[in-house]
Amino acid sequence: MGLMDGKVVLIFGVANKNSIAWGIAKRLHDEGATIALSYAGDMLEKRVRPLAEEIDCDFVEQCDVTDDSELDALFEKFEARYKRLDTLVHSVAFANRDDLGGRFVDVSREGFKLALDISAYSLIAMAKRAEPLMADGGSILSMTYYASEKVMPKYHVMAVAKAALETITRYLANDLGPKNIRVNAISAGPIKTLAAAGVPGFRLMLKYSEKAAPLRKLVSQDDIGNTALWLASELGSAVTGEVVHVDAGYNILGLTATEDELGSL
Ligand code: NAD
């Protein structure tokens, strides 16, 4: 018996085997879920299809989350196939490289709109379309990062997008709670992925997090998959509107220097 037996899960954001969304897909599939995947752009199809086969998934559909007609078509196709949805996973983000790094004051209007549209508004657009399919309740998950709460070097426009995503999580949780649809976000520590490679200085961030986090380790796609399982399954049935940190404890620190580093000052 798996914790997700009989559950249907739609996941946005698998780009390759390093994607956080892939860690979630594998974990939920291990617990019995039927997985449907949506990816962005023709270029990714050749990477996503073989992964889908590994988890017995034959619903693999392209969708640009900035395009309402593509979202409508995707959800219509999904409804025709499965009739209902238990868990929706939003693991999607994008910002122009010019709006990461440099100075925050230089973030452009167009870059701001683009990053917020893809990385934050899309959660509202998905939730609106998921709601009618969640007549028996459901769980909606998205992926955020601590840069929404505290300043992280170079994260800039994406930090603002994550702050919006977290607020959207709370407002959706309040809207959809009476229908027993729970909405939560996972705030993951840094993980080496395609999206992360676009953040200037990311390698240093990885090194530093490992050294400073109370658990003295990095988190993995599997760690996020485990938390997603908790939030998607009955285990999380009384949890909504939360931002759950899965970051080896990094976010609790007021001062991130180790005693050794302080001693050498
Ligand atoms: P990833 O590159 O594997 O995933 C990002 C996904 O966003 C890709 O699948 C990409 O195709 C998709 N995407 C971008 N633009 C899109 C669009 N217009 N329409 C549809 N999909 C689009 O990287 P990841 O690190 O697994 O990122 C997944 C989520 O996790 C993102 O929200 C990211 O901000 C978040 N996150 C990542 C880290 C990290 O360190 N990797 C930490 C915290 C949060």
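The notes below deal with the structure included here. As the structure is a computational prediction, the values presented were derived from the model and not from experiment.

What follows concerns the overall build of the chain. Looking only at helices and strands, the chain features eight helices and seven strands. For a compact globule of 265 residues, the expected C-alpha radius of gyration is about 18 Å, and the chain comes in at 18 Å, within 12% of that figure. Taken along its principal axes, the extent of the C-alpha atoms in the chain is 65 × 45 × 40 Å. A buried classification covers 52% of the 265 residues belonging to the chain. For the chain, the proportion of contacts with a sequence separation of at least 24, taken over those separated by at least 6, is 75%. If you sum the accessible surface of the chain, you get close to 13100 Å²; carbon and sulfur atoms cover 52% of it. Seen as two clouds, the 29 positive and the 37 negative side-chain charges of the chain have centres 4 Å apart.

Turning next to the site of the ligand. Contacts to the ligand come from 28 residues, most closely from Ser19, Ile20, Lys162, Ile191 and Thr193. Between the ligand and the protein, one listed contact pairs a nitrogen atom with a side-chain N or O atom of Asp64 at 2.9 Å. One nitrogen or oxygen atom from the main chain of Ala93 is found 3.5 Å from an oxygen atom belonging to the ligand. Bound to the protein, the ligand loses 92% of the 820 Å² it would expose on its own. The residue makeup of the shell around the ligand, split by class, is 20 nonpolar, six polar and two charged.

In a regular helix each residue adds 1.5 Å, so twelve residues correspond to 16 Å; helix α7 (residues 221-232) covers 16 Å between its end C-alpha atoms and thus fits that length. Within the span of α7, buried status applies to Gln221, Ile224, Gly225, Thr227, Ala228, Leu229, Leu231 and Ala232.

Attention now goes to the pattern of salt bridges. Summed over the entire model, instances satisfying the criterion amount to ten salt bridges. Two residues, Lys113 and Glu110, come together in a salt bridge whose shortest N-O distance is 3.5 Å. Residue Lys113 and its partner Glu110 are located together in helix α4 (residues 109-130), separated by three residues, close to a single helical turn. Beyond isolated ion pairs, a larger network of salt bridges with shared partners links Asp68, Asp72 and Arg129.

What follows deals with the pairing of strand β1 (residues 8-12). With five of five residues buried, β1 is to be regarded as a mostly interior element. The side-chain alternation of β1 yields two buried faces, one formed by Val8, Leu10 and Phe12 and the other by Val9 and Ile11. Across five bridges, β1 lies against strand β2 (residues 34-39) in parallel orientation. Along β2, the bridge assignment pairs Leu10 with Ala36. In this fold, β1 hands off to helix α1 (residues 20-30), which returns the chain to β2; that crossover is right-handed. With four bridges joining them, β1 and strand β4 (residues 87-90) adopt parallel strand pairing. What sits directly across from Leu10, in β4, is Leu88.

Conventions used here
Starting from 1, residues in each chain are numbered consecutively following that chain's sequence as written. Local features in this predicted model are restricted to residues of pLDDT 70 or higher, and side-chain atom pairs are both shown and tallied only at a pLDDT of 80 or more, whereas totals for entire chains, interfaces and linings draw on every residue. Hydrogens and water molecules were not included; the side-chain quantities draw on all heavy atoms of the structure. Only DSSP runs of H or I with at least four residues qualify as helices, and only runs of E with at least two residues qualify as strands; both kinds are numbered from the N terminus onward. Values of the radius of gyration come from C-alpha atoms, whereas the globule rule sets the reference at 2.2 Å times the count of residues to the power 0.38. Throughout, exposure labels follow a simple rule: accessible area from a 1.4 Å probe, protein chains only, divided by the maximum for the residue type, with under 20% read as buried, over 50% as exposed, and the rest as partly exposed. Residues are treated as being in contact if the distance between any of their heavy atoms lies within 4.5 Å. For accessible areas, the Shrake-Rupley method is used with a probe of radius 1.4 Å. Any residue's cover is judged against the shown protein chains and nothing else. As used throughout, the charge tally considers Lys and Arg to be positive and Asp and Glu to be negative, leaving His and the chain termini uncounted. Working definition for charges: the position is that of NZ of Lys, CZ of Arg, CG of Asp or CD of Glu. If a single non-hydrogen atom of a residue is within 4 Å of a molecule or strand, that residue counts as near it. Distance and chemistry together define a polar contact, namely a pair of N or O atoms within 3.5 Å, with one atom able to donate a hydrogen and the other to accept it when in protein, and with adjacent residues in sequence counting only for side-chain atoms on both sides. Polarity classes work like this: nonpolar for Ala, Val, Leu, Ile, Met, Phe, Trp, Tyr, Cys and Pro, charged for Asp, Glu, Lys and Arg, and polar for all others, with Gly in that last group. Multiplying one less than the number of residues by 1.5 Å gives the expected span of a helix. Any Lys or Arg side-chain nitrogen located within 4 Å of an Asp or Glu carboxyl oxygen qualifies as a salt bridge. One bridge is not enough; two strands pair if DSSP finds at least two bridges between them. Handedness of a crossover is defined as follows: orient the strands so they point away from the viewer, and if the path from the first strand over the helix to the second runs clockwise, the crossover is right-handed.

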